[in-house]
Amino acid sequence: MIPNESKKNLETTIDKIRKFSFSYLKKYAPSQQQLRTYLLKKFFKSANFYVAKSELLTLIDLVISDLEKHKFISDKFYSQSKTKKFLKKGYSLNKIRNYLINKGINEKYIKDSISKMNIEETDQDFFSAIKTCKKRRIGPAREEDNRVLFYKKDMSILARSGFNYETSKKVLDLSKKDYKKLLSLL
């Protein structure tokens, strides 16, 4: 193959990758891994690209590193914003950590964002468990007659939400009066 022609094909492929990246970044604020997956799917579906599949990965990584250098994409920002959003929703720290790991975020960014949340508020899991109880109407949000009957079920709901046993027990053992006081603080 003529070198100039292959260089031209390489440049057009990089331009296409950048174009797809910018169009995706206009709509979403993804992690690097999400953008990489999107670009791979986009190019594997299209039949008219001129680069081998093995070289495509290196080109995508090159474009992503360039986007990160110019601060269009940042896993650190992604981790912090998702952590804040999920804590407001009442997710446990374990559930947030697993979500971020599945999105391909580096472990140091995950630890950093979660430690910042723990510094800002004490025992974040406890308050998240209270939010979950309010949202799901379990534990102290139930009628007093039904609390004993549904204790095991409520404990399992909190466990599936990612809360440990001690936190779940502490929340489920709250009196109705204390629960309402804590809700007024949130």
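Described in the following lines is the structure provided in the data block.

Conventions used here
Residues numbered from 1 in each chain as written. Predicted model: local features only at pLDDT ≥ 70, side-chain atom pairs only at ≥ 80, totals over all residues. Heavy atoms only, no water. Helix = DSSP H or I, 4+ residues; strand = E, 2+ residues; numbered from the N terminus. Buried < 20%, exposed > 50% of the residue type's maximum accessible area, 1.4 Å probe, protein only. Contact = heavy atoms within 4.5 Å. Patch = residues over 30% accessible without salt bridge, like charges linked within 9 Å, V, L, I, M, F, W, Y side chains within 5 Å. Areas by Shrake-Rupley, 256 points an atom, 1.4 Å probe, with all protein chains shown as cover. Salt bridge = Lys/Arg side-chain N within 4 Å of Asp/Glu carboxyl O. Lys, Arg positive; Asp, Glu negative; His and termini not counted. Charge placed at Lys NZ, Arg CZ, Asp CG, Glu CD. Phe/Tyr/Trp six-rings, centres within 6.5 Å; stacked < 30°, edge-to-face > 60°. Lys NZ or Arg CZ within 6 Å of the ring centre and 35° of its normal.

1. With respect to the environment of Leu87
Part 1 of the argument: Within the secondary structure, Leu87 sits in helix α4 (residues 75-89).
Part 2 of the argument: Judged by relative accessible area, which is 4%, Leu87 ranks as buried.
Part 3 of the argument: Sequence separation between Leu87 and Thr132 is 45 residues; the distance between their C-alpha atoms is 11 Å.
Part 4 of the argument: Beyond its immediate stretch of four places on either side in the chain, Leu87 contacts Leu93, Ile96, Met117, Gln124, Ser128 and Lys131.

2. Topic: a positive patch on the surface
Part 1 of the argument: A cluster of basic residues, Lys85, Lys89, Lys95, Lys135, Arg136, Lys153 and Arg160, forms a positive patch on the protein surface.
Part 2 of the argument: Secondary structure elements with two or more residues in the positive patch: α4, α7 (124-136) and α9 (151-160).
Part 3 of the argument: Classification of Arg136 by relative accessible area gives partly exposed; the value is 46%.

3. Things to note about the packing of aromatic side chains
Part 1 of the argument: Per the stated rule, a full pass over the model turns up seven aromatic pairs.
Part 2 of the argument: Seen from their ring centres, Tyr24 and Tyr28 are 4.9 Å apart, and the 50 degrees between their planes marks the pair as tilted.
Part 3 of the argument: On the basis of relative accessibility, which here comes to 16%, the residue Tyr24 falls in the buried class.
Part 4 of the argument: A ring pair is formed by Phe126 and Phe127, whose centres lie 5.7 Å apart and whose planes are at 70 degrees; its orientation type is edge-to-face.
Part 5 of the argument: Accessibility expressed as a relative area gives 10% for Phe126, which makes it buried.
Part 6 of the argument: Every member of this aromatic cluster is reached through a ring pair, and the members are Tyr24, Tyr28 and Tyr38.
Part 7 of the argument: Residue placement shows Arg142 over the ring face of Phe150; its charged tip is 4.2 Å from the ring centre.

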